[in-house]
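# Examination of the molecular architecture
Here is how the chains run, residue by residue.
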Amino acid sequence: MTNLIDGRAFARQVHTETASRIGDLARRGVQPGLLFIRVGEDPASQVYVGMKEKKAAELGIHSETLVLPQSTSEQSLLELIKAANHDSRWHGILVQAPLPRGIDAARVFSQVDPRKDVDGFHPLNAGRLLLGETDGFTPCTPAGVQELLVRSGTPTEGAEVVILGRGNIVGKPLASLLMQRGTRANGTVTIVHSASRDIESHCRRADILVAAMGAPEFVRGSMVKPGAVVIDVGVNRVSDSMTGISRLVGDVAFAEVQPIAGKITPNPGGVGPMTIAMLMANTVKAAELLSA
Ligand code: GUN
């Protein structure tokens, strides 16, 4: 029996549910619209936005991508966002990170209309998540991790959840989500970060271990309690010192950890597909709320 958490299969379930909501909107004459804004030529961002566009098209979400040069000023980016905020074609606006040096990403995210903030990066939505309100937008990767846990039958109630990484995109919002009251959460959450002491002993306590710190193959077999559920959010490009050939690896040393874990996400094919599924679901939620 495999212990893999099949992110592609669970994402397909979410897409089926999202497609049915898109059908309901179509009957009311509403087509969800999602605007992507990509600044510069970061190769990973090109791939990610391409995958999101493709899935939007498959589901019948109208999308466009504005590609801006690396030299774009913060001011002109903010003006484009302002125009998109007022454009009724767009229910969702996504500014792909990372942004070029010299652009204040926090300021940019805070200028997206919170009702169109399908990334869940606006301070209002971050605050709503922390307060346990459900009418805001939850960032897609943490929402996807929660969905993977729920759909794979992993109990979170009372579970020791250890999250490696305290970033604004994954670690912090995932902690907010899994510590809330409710059957999909109710975890006892610890965030471990670069200044934490004895990281290994924190990890070994975890019933659910989430690696989201962006360190290639950081989580080794010795750091995992037998039977723990391991979720690998990391995407790291490493190059082989002998051949110079580069490849993508997660934050988990998969071959070592898989035999110890109760369940584990493959990487790729775990968190990534579910992140895209949550973006589509957030876009449909925005369209439903804006057209209500
Ligand atoms: N860069 C890495 N992850 C994300 C994400 O979830 N949203 C956006 N906009 N940029 C990212």
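A brief look at the structure comes next. Values in this document were obtained by computation on a predicted structure and should not be read as measured data.

### Quick word on empty space enclosed by the protein
Evaluated as defined, the whole model comprises one cavity of 30 Å³ or more. Approximately 40 Å³ is the volume found for the largest cavity. Lining the largest cavity, in full, are I93, L94, V95, F109, V112, D117, D119 and F121. The leading source of residues in the lining of the largest cavity is strand β3 (residues 92-95), at three residues. Its residues placed into classes, the lining of the largest cavity shows six nonpolar, no polar and two charged.

### Some remarks on the packing of helix α6 (residues 140-151) against helix α7 (residues 171-178)
It is at 9 Å that the axes of α6 and α7 come closest, and there the two elements cross at 45°. One element, α6, and the other, α7, form an angle in the oblique class. Relative to α7, α6 is oriented so that their crossing is right-handed. Between α6 and α7, the residues in contact are P142, A143, V145, Q146 and L149 and P173, L174, L177 and L178, respectively. Class assignment of the residues belonging to the contact of α6 with α7 gives a composition of eight nonpolar, one polar and no charged.

### Quick look at the sheet that holds strand β1 (residues 33-39)
The strand order across the open sheet formed by three strands is β2-β1-β3, and the pairing between neighbours is parallel. The open sheet terminates on both sides in strands that have one partner only, identified here as β2 (62-68) and β3. This sheet shows a mean twist of 15° between the axes of neighbouring strands, independent of strand direction. Where β1 and β3 come together, four bridges link them in parallel fashion. In the sheet register, L35 faces β3, and the bridge partner there is I93. Sitting on the sheet, helix α10 (residues 271-290) touches β1 and β3, and the angle it makes with β1 is about 125°.

### So, the site of the ligand
The ligand sits among L94, V95, Q96, A97, D119 and F121. Take V95: an N or O atom from its main chain is 2.9 Å from a nitrogen atom of the ligand. Between the ligand and A97 there is a distance of 3.0 Å, counted from a nitrogen atom to a backbone nitrogen or oxygen. Its free accessible area being 280 Å², the ligand has 82% of it covered by the protein chains. Across the shell around the ligand, the residue classes break down as four nonpolar, one polar and one charged.

### Notes on α7
Burial runs high along α7: seven of the eight residues are buried. For α7, every residue scored as buried is listed here: G171, P173, L174, A175, S176, L177 and L178. Those residues of α7 that are buried lie in contact with α5 (123-131), α6, β4 (160-164), β5 (188-192) and β6 (208-211).

### Thoughts on the packing of aromatic side chains
Scanning the entire structure with this criterion turns up one aromatic pair. With centroids separated by 4.9 Å and ring planes inclined at 65°, the aromatic side chains of F109 and F121 adopt a geometry described as edge-to-face. One end of the pair, F109, is in helix α4 (residues 105-110); the other, F121, is in the loop between α4 and α5, and twelve residues separate them in sequence. In this structure, F109 and F121 share a single accessibility class: buried.

### Let's talk about the packing of α6 against α10
Relative orientation of the contacting elements α6 and α10 amounts to 110°, with a least axis distance of 8 Å. Between α6 and α10, the interaxial angle falls into the category roughly perpendicular. Where α6 crosses over α10, the handedness of that crossing is right-handed. Residues C140, T141, A143, G144, V145, E147, L148 and R151 of α6 lie in contact with α10, whose contacting residues are V271, M274, T275, M278, L279 and N282. Along the lines of polarity and charge, the residues of the contact of α6 with α10 split into eight nonpolar, four polar and two charged.

About the cut-offs
Residues numbered from 1 in each chain as written. Predicted model: local features only at pLDDT ≥ 70, side-chain atom pairs only at ≥ 80, totals over all residues. Heavy atoms only, no water. 1 Å grid on protein atoms, 1.4 Å probe; cavity = no way out; pocket = protein on both sides within 12 Å on 5 of 7 lines; lining within 4 Å. Points joined across faces, edges and corners; volume = space filled by probe spheres on them. Helix = DSSP H or I, 4+ residues; strand = E, 2+ residues; numbered from the N terminus. Nonpolar A, V, L, I, M, F, W, Y, C, P; charged D, E, K, R; others polar. Axes fitted to C-alpha atoms, helices over the stretch in contact; angles between N-to-C directions. Parallel < 35°, antiparallel > 145°, perpendicular 65-115°, else oblique. Left-handed = near helix turned anticlockwise from the far one by under 90°. Contact = heavy atoms within 4.5 Å. Pairing = 2+ DSSP bridges. Near = heavy atom within 4 Å. Polar contact = N/O pair within 3.5 Å; in protein donor to acceptor, adjacent residues only side chain to side chain. Areas by Shrake-Rupley, 256 points an atom, 1.4 Å probe, with all protein chains shown as cover. Buried < 20%, exposed > 50% of the residue type's maximum accessible area, 1.4 Å probe, protein only. Phe/Tyr/Trp six-rings, centres within 6.5 Å; stacked < 30°, edge-to-face > 60°.

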